[in-house]
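Notes for the structure review
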Amino acid sequence: MEESLKLLQSVVQAIHPLDAADWDALSRIWKPFSARRKEIISVPGETERYLYFVTEGVQRIYYLDDQNREATLAFTYRPSFGGIIDSVLLEVPSRYYYETLTPSSFIRAPYAEFKELAQQRPAIERMLRRGITQTLSGILERLVEVQCFSSEDKFRNLLKRSPHILQLVPHKYLATYLGIDPTNFSKLVNKVRI
């Protein structure tokens, strides 16, 4: 647990530095949590109650439409925050699944406790706001890629951003993440070199 909190602290400090008292208060609300491979942690229709921080494993957030077509929206892995963030922060039922792709370990904090801390400690609220802003910036960049880039350019950008992702995530999920047919994705894996 101590190693997990140190990892969390390094990520939090990079987002927005907290003083010792704020960090101490924040660090006390996190508890260990683990899940097996291919375990669904969050499902549509249920409100997510925890903030997750990934310490081990790989997970994905995906959407399933009414024709059972999957769209992988995001991947999470060490050291990053995970979970269905809009469900948590808006306190509304999720529209997405959060699934482990490998055995996974986390520390998680009940959102009710986090929310109370953020109201009492402005630096924690600023850290949250700054983290959300950084995430939104990344989402906007990804929307441009999805809507404007060729399949090859999407693939190249993914490898530039996360060169290790081909070894972490099954290719069928990477294909849906990029919006590329799995056969074309396989061709890109063999063709494109960064």
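Computed from a prediction, not measured in an experiment: that's the story for all the values here.

Procedures and definitions
- Residues numbered from 1 in each chain as written.
- Predicted model: local features only at pLDDT ≥ 70, side-chain atom pairs only at ≥ 80, totals over all residues.
- Heavy atoms only, no water.
- 1 Å grid on protein atoms, 1.4 Å probe; cavity = no way out; pocket = protein on both sides within 12 Å on 5 of 7 lines; lining within 4 Å.
- Points joined across faces, edges and corners; volume = space filled by probe spheres on them.
- Helix = DSSP H or I, 4+ residues; strand = E, 2+ residues; numbered from the N terminus.
- Core = buried A, V, L, I, M, F, W, Y, C linked by side-chain atoms within 4.5 Å.
- Buried < 20%, exposed > 50% of the residue type's maximum accessible area, 1.4 Å probe, protein only.
- Contact = heavy atoms within 4.5 Å.
- Pairing = 2+ DSSP bridges.
- Axes fitted to C-alpha atoms, helices over the stretch in contact; angles between N-to-C directions.

With that settled, the discussion passes to the layout of surface pockets. Of the volumes computed, that of the largest pocket is approximately 1,800 Å³. Around the largest pocket, the lining comprises 46 residues; the ones closest to its centre are A74, T76, F81, T135 and I139. Where the lining of the largest pocket is concerned, the elements lending two or more residues are α1 (2-15), β3 (50-56), β5 (70-77), β6 (80-82), α3 (85-90), α5 (122-148) and α6 (151-161). Top contributing element to the lining of the largest pocket by residue count: α5, with 14 residues.

Glancing now at the nonpolar core. The biggest cluster of nonpolar side chains holds 25 residues, and the ones touching the most others in it are L8, L18, L26, W30, F114, I124 and M127. Contributions of two or more residues to this core are made by α1, α2 (20-27), β3, β8 (104-110), α4 (111-120) and α5. No other element matches the six residues that α1 contributes to this core. Look past the residues within four positions of F114 in its chain and what remains in contact with it is L26, I29, L51, I124, M127 and L128.

Now for the sheet that holds strand β2 (residues 40-42). Here four strands make up an open sheet; going across it, the order is β2-β7-β4-β5 and the pairing antiparallel. Of all strands in the sheet, those bounded by a partner on one side alone are β2 and β5. Pairwise comparison of adjacent strand axes, ignoring direction, gives a mean angle of 30° for this sheet.

Attention shifts here to α6. Of all the positions in α6, only K154, F155, N157, L158 and L159 are classed as buried. Structurally, α6 contributes buried residues whose contacts are with α5, α7 (165-168), α8 (171-178) and α9 (182-191).

With respect to topology, four strands assemble into an open sheet ordered β1-β8-β3-β6, the strand pairing being antiparallel. Whereas interior strands pair on both sides, the edge strands pair on one side only; in this sheet they are β1 (31-35) and β6. For this sheet, the mean inter-axis angle between neighbouring strands, taken without regard to orientation, is 40°. Pairing geometry for β3 and β6, over three bridges, is antiparallel.

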